[in-house]
Amino acid sequence: MMERVYLDNNATTRLAPEALQAMLPFLTEEFGNPSSLHGQGRAPARALMAARHAVLELLGAEADGEILFTSGGTEADTTAIRSALAADPSRREIVTSTVEHAAVLALCDHLERQEGVTVHRIPVDGDGRLDIEAYRAALSPRVALVSLMWANNETGTVFPVEGLAELAHRAGALFHTDAVQAVGKMSVGLRGTDIDMLSLSAHKFHGPKGVGALWLRRGVPFQPLIRGGRQQRGHRAGTENIPGIVGLGRAAELALCVDHGAVRLLRDRLEQGILARVPKARVLGDPLDRLPNTSCLAFDFAEGEAILMLLDRAGICVSSGAACASGAMEPSHVIRAMKVPFTAAHGAIRFSLSRWTTAAEIDRLLEVLPPVVDQLRALSPFGAEEVK
Ligand code: PLP
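Note that this is a predicted model, so its numbers are computed, not measured.

> Which parts of the structure should I look at to understand the environment of glutamine 40?
Assignment of secondary structure puts glutamine 40 in the loop between α1 (17-27) and α2 (42-58). Among residues more than four places away in sequence, those in contact with glutamine 40 are Glu29, Glu30, Phe31 and Gly32. In this structure the side chain of glutamine 40 is engaged in a polar contact, spanning 2.9 Å, whose partner is the backbone oxygen of glutamate 29.

Set out below in structure tokens:
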């Protein structure tokens, strides 16, 4: 069977074998409930604590806050946003951006429509960088929370969250960052920053799916999203997903050792290789500050979905825009927010690498992609002429 080349690591990643090994005992003999007072609960309780420390260490925030385990990035985002609104009912505004993940944007749409919250969606420029003037203008004593992503899932553009958080605090607002794509793919250090809450998700950095965490700075006002038992000090009721949390903890330990520079070198080989071989291709996202593993390229006069399908036929997995937008022929909300010209907006493809991506895999892509784009452009009413 043909070996698949997996270049869709912003959608999800392969579980690290070490994470699987760490999880297995908690799916078998160590099945206990960490809240139990008897012996069977002891190992799960200890494992929960160890995972908490591992995540805090990955975030460079050992002494500054606590970890709340969740069912993933979406629940962490929802908890942060709803908690901030509940903490100070006199503040009924949220500031976010036009390029956030649906986990934030769909909730903000709902809060605006159903719960009378005012939402400021700050625009970005053609490279996906936040409009800082518009951001400053939106901050006021009415704002309960700023929620801005650390790194964009489609383009990899990194927002300067440390400075943005400082500005939020000056206006008396809390600051949450959706760091689901940043954690494990670049170094994130929370110590000394004004960030109050941070969301992460295990399956984006070789942990299991369905488990994530919300980091809360010590002393930040908090209201639980899920109420019930006293698990996690009442901050998130429900018996903990111990195998998942153990996998998350092990993945966090492994993420500390990743050589992001090596990933960046391979990503640059991919990008430069494509730009050298395919005319009328452009890189989307901030040229100066992007995730080292992500490359979003737009090909004029070629349909992204069609490129994706033909690459898939050759055993290469990529994404066109956000994974959740696949299947729709519309350019994603991120591409639209960046006002990418029409001829390119429909031909955007995201390549996202992992620490296991090899040079041979990149070279395979560089062999397969150019004829695929040529073939599609030949079918386009404008493509063949325009790219000459
Ligand atoms: N936020 C960002 C930036 C993401 O990329 C994703 C997943 O694609 C999420 C949130 C949602 O995370 P989860 O799938 O763990 O709910």
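> When you look at the domain arrangement of the chain in this model, what are you seeing that I'm missing?
One widely used convention gives an interface's size as the accessible area the parts lose upon coming together. Each assigned domain of the chain is listed with its residue range as follows: domain 1 (5-12 + 259-386) and domain 2 (17-255). The gap between the C-alpha centroids of domain 1 and domain 2 is 29 Å. Opposite the 28 residues of domain 1 that make contact, domain 2 presents 30 residues. Taking both partners together, domain 1 and domain 2 bury about 2500 Å²; carbon and sulfur atoms supply 55% of that area. Here domain 1 is connected to domain 2 by one salt bridge. In this structure, arginine 129 and aspartate 286 form a salt bridge, with 3.5 Å as the shortest nitrogen-oxygen distance. The interface formed by domain 1 and domain 2 contains 17 residue pairs in polar contact (both at pLDDT 80 or more).

> Sorry if this is basic, but what is going on with the sheet that holds strand β2 (residues 65-70) here?
Sheets are built from strands that pair by backbone hydrogen bonding, the pairs being arranged parallel or antiparallel. Reading across from one edge, β2-β8-β7-β6-β5-β3-β4 is the order of the seven strands in this open sheet, with mixed pairing throughout. Edge positions in the sheet fall to β2 and β4 (118-122), since each of these pairs with one other strand and no more. The average undirected angle you get between the axes of adjacent strands in this sheet is 20 degrees. Docked against the sheet, α2 engages β2, β7 (197-201) and β8 (212-217), running at close to 115 degrees with respect to β2.

> Would you take a moment to explain the packing of α1 against helix α7 (residues 242-255) for this structure?
Contact pair α1 / α7: the axes reach a minimum separation of 8 Å and the direction vectors enclose 155 degrees. Compared by their axis directions, α1 and α7 come out roughly antiparallel. α1 and α7 meet at a crossing whose hand is right-handed. Contact residues: α1 offers Glu18, Ala19, Ala22, Met23, Phe26 and Leu27, while α7 offers Ile242, Pro243, Gly244, Val246, Gly247, Arg250 and Leu254. Of the residues assigned to the contact of α1 with α7, the class counts are nine nonpolar, two polar and two charged.

> Please explain the pattern of salt bridges as it appears in this structure.
Side chains bearing opposite charge may pair, as long as their charged atoms lie close to each other. All chains considered together, the criterion is met by 19 salt bridges. Its salt-bridge partner being arginine 142, residue glutamate 93 comes within 2.7 Å of it at the nearest N-O pair. Here the residue glutamate 93 occupies a position in strand β3 (residues 93-97), and arginine 142 occupies one in the loop between α5 (132-138) and β5 (143-147), the gap between them amounting to 49 residues. For glutamate 93, a relative accessible area of 9% gives the class buried. One salt-bridge network, in which partners are shared between bridges, spans Asp125, Asp127, Arg129 and Asp286.

> Help me understand the nonpolar core, please; the structure alone is not making it clear to me.
Burial of nonpolar side chains together is a common tendency in soluble globular proteins. By size, the foremost hydrophobic cluster in this structure holds 70 residues, and its most contacted members are Leu59, Tyr135, Val146, Trp150 and Phe175. At eight residues, α2 tops the list of elements feeding residues into this core. The two domains that each donate at least three residues to this core are domain 1 (5-12 + 259-386) and domain 2 (17-255). Among residues more than four places away in sequence, those in contact with phenylalanine 175 are Tyr135, Leu145, Val146, Leu148, Val161, Leu164, Ala165, Ala168, Asp194, Ile195, Asp196 and Met197. Core analysis: the next-biggest nonpolar cluster, separate from the first, contains 29 residues, Val5, Val278, Ile316 and Ile362 among them.

> I would appreciate a short explanation of the site of the ligand in the present structure.
In the vicinity of the ligand, 13 residues are found, and the nearest of them are Gly73, Thr74, Asp178, Ser201 and Lys204. Between the ligand and aspartate 178 there is a distance of 2.6 Å, counted from a nitrogen atom to a side-chain nitrogen or oxygen. Interatomic distance of 2.8 Å between a side-chain N/O atom of glutamine 181 and an oxygen atom of the ligand. For the ligand, whose free accessible area comes to 390 Å², the fraction covered by protein is 85%. Take the shell around the ligand: its biggest share by element is three residues, from helix α3 (residues 73-87). Here the shell around the ligand is composed, by residue class, of two nonpolar, eight polar and three charged.

So, how was this worked out
- Residues numbered from 1 in each chain as written.
- Predicted model: local features only at pLDDT ≥ 70, side-chain atom pairs only at ≥ 80, totals over all residues.
- Heavy atoms only, no water.
- Helix = DSSP H or I, 4+ residues; strand = E, 2+ residues; numbered from the N terminus.
- Contact = heavy atoms within 4.5 Å.
- Polar contact = N/O pair within 3.5 Å; in protein donor to acceptor, adjacent residues only side chain to side chain.
- Domains from an automatic or database assignment.
- Buried area = accessible area lost by both parts, 1.4 Å probe.
- Salt bridge = Lys/Arg side-chain N within 4 Å of Asp/Glu carboxyl O.
- Pairing = 2+ DSSP bridges.
- Axes fitted to C-alpha atoms, helices over the stretch in contact; angles between N-to-C directions.
- Parallel < 35°, antiparallel > 145°, perpendicular 65-115°, else oblique.
- Left-handed = near helix turned anticlockwise from the far one by under 90°.
- Nonpolar A, V, L, I, M, F, W, Y, C, P; charged D, E, K, R; others polar.
- Buried < 20%, exposed > 50% of the residue type's maximum accessible area, 1.4 Å probe, protein only.
- Core = buried A, V, L, I, M, F, W, Y, C linked by side-chain atoms within 4.5 Å.
- Near = heavy atom within 4 Å.
- Areas by Shrake-Rupley, 256 points an atom, 1.4 Å probe, with all protein chains shown as cover.

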